[in-house]
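# Topology and contacts: notes
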Amino acid sequence: MEINIYVANLAAYNAGYHKGEWINLPMDEEELNQTIIDILDTSTMSEKAQYEIGNNCEEVAIHDYEAPWKINEYDNIQKLNEIAERLQRLSIYIVDEDMIECLLQFVPDIEEAIDKLEKGDIWFVRGVDSYESLAEHLAYDEDYFSWFYNIKDTNAESYIDWEAVGRDLDVEGEWFIGSNNIAVCIPHCS
């Protein structure tokens, strides 16, 4: 999963000039530091621009971003790079952008969300739009055997009140249905 941020030279911006570039995270730390140094360097700009900007180009700001969570103008770029590295490691195995968006509806801090994902005790279920459909899905999924017994080879299915089971899932407070038809389980113990 790539995170893209547009980083601008703040002194140039405040003087009315445009000096910045898109940075794709994660990036090698040395390369990231060099990119920021290049953004702060005004030596390639006109003499007039250099004069108006002055010699105090020490700050950058994030003026735009492409990420599944909110990034602020003065967020630490190195910290964002670390977060992007952690997300990239997770995306190899289980996590995609839709899952992150769903999780962030219920865990507002990206680092806390990543911590929970790295522990491995968060579950996602795609294609559910209600607790009732979640209950039905869990009943037939062997990965969730601890919640439901397997009923697919019995006649018991017609006796199950999926709506009531769904209400119980909701009341337990561990399952949440996101706006993108993904359910996420965030156990209380994590």
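The present account deals with the structure reproduced in this document. Please read all numbers here as calculations on a predicted model, not as lab measurements.

## Examining the layout of surface pockets
- Within this model, the largest pocket holds a volume of roughly 170 Å³.
- Looking at the largest pocket, the residues that line it are W69, K70, D75, N76, K79, L80, I83, L104, P108, D109, I110 and E111.
- Every element with two or more residues in the lining of the largest pocket is listed here: α4 (77-93) and α6 (110-119).
- Here the element with the most residues in the lining of the largest pocket is α4; it accounts for 3 residues.
- Here the lining of the largest pocket is built from residues that sort into 6 nonpolar, 1 polar and 5 charged.

## Digging into the packing of helix α7 (residues 131-139) against helix α8 (residues 162-172)
- Close contact between α7 and α8 brings their axes to 7 Å; oriented N to C, the two are set at 100°. It follows from the interaxial angle that α7 and α8 lie roughly perpendicular. For the pair formed by α7 and α8, the contact residues are Y131, E132, L134, A135, E136, L138 and A139 on the first element and W162, E163, V165, G166, L169 and D170 on the second.
- Its residues assigned to classes, the contact of α7 with α8 shows 8 nonpolar, 1 polar and 4 charged.

## Focus on the side chain of N9
- Of note, N9 is situated in strand β1 (residues 3-9).
- Side-chain polar atoms of N9 contact the backbone oxygen of I39, separated by 3.1 Å.
- When sequence neighbours within four positions are dropped, the list of residues in contact with N9 reads K19, I39, L40, T42, C57 and E59.

## Some remarks on the packing of aromatic side chains
- Across all of its chains, the model carries 2 aromatic pairs by this definition.
- Centre to centre, the rings of Y6 and W22 are 5.7 Å apart; their planes meet at 70°, and the pair counts as edge-to-face. Of this pair, Y6 sits in strand β1 while W22 sits in strand β2 (residues 20-25); the two residues are 16 residues apart in sequence, bridging distant segments of the chain.
- Y6 sits in the buried class, given a relative accessible area of 12%.
- W22 sits in the partly exposed class, given a relative accessible area of 36%.
- Measuring from centroid to centroid gives 4.8 Å for F106 and F176, while their planes differ by 25°, and the two rings are stacked. In this pair, F106 sits in the loop between α5 (97-103) and α6 while F176 sits in strand β5 (residues 175-177), placing the two residues 70 residues apart along the sequence.

## Looking at the nonpolar core
- Residues I5, L25, W69, L87 and L103 are the most contacted members of the largest nonpolar core, which totals 43 residues.
- With 6 residues, the top contributor of residues to this core is α4.
- Setting aside residues no more than four positions away along its own chain, I5 makes contact with E21, W22, I23, L25, I62, D64, Y65, I71, I77 and L80.

Reading the values: rules and limits
Residues numbered from 1 in each chain as written. Predicted model: local features only at pLDDT ≥ 70, side-chain atom pairs only at ≥ 80, totals over all residues. Heavy atoms only, no water. 1 Å grid on protein atoms, 1.4 Å probe; cavity = no way out; pocket = protein on both sides within 12 Å on 5 of 7 lines; lining within 4 Å. Points joined across faces, edges and corners; volume = space filled by probe spheres on them. Helix = DSSP H or I, 4+ residues; strand = E, 2+ residues; numbered from the N terminus. Nonpolar A, V, L, I, M, F, W, Y, C, P; charged D, E, K, R; others polar. Axes fitted to C-alpha atoms, helices over the stretch in contact; angles between N-to-C directions. Parallel < 35°, antiparallel > 145°, perpendicular 65-115°, else oblique. Contact = heavy atoms within 4.5 Å. Polar contact = N/O pair within 3.5 Å; in protein donor to acceptor, adjacent residues only side chain to side chain. Phe/Tyr/Trp six-rings, centres within 6.5 Å; stacked < 30°, edge-to-face > 60°. Buried < 20%, exposed > 50% of the residue type's maximum accessible area, 1.4 Å probe, protein only. Core = buried A, V, L, I, M, F, W, Y, C linked by side-chain atoms within 4.5 Å.

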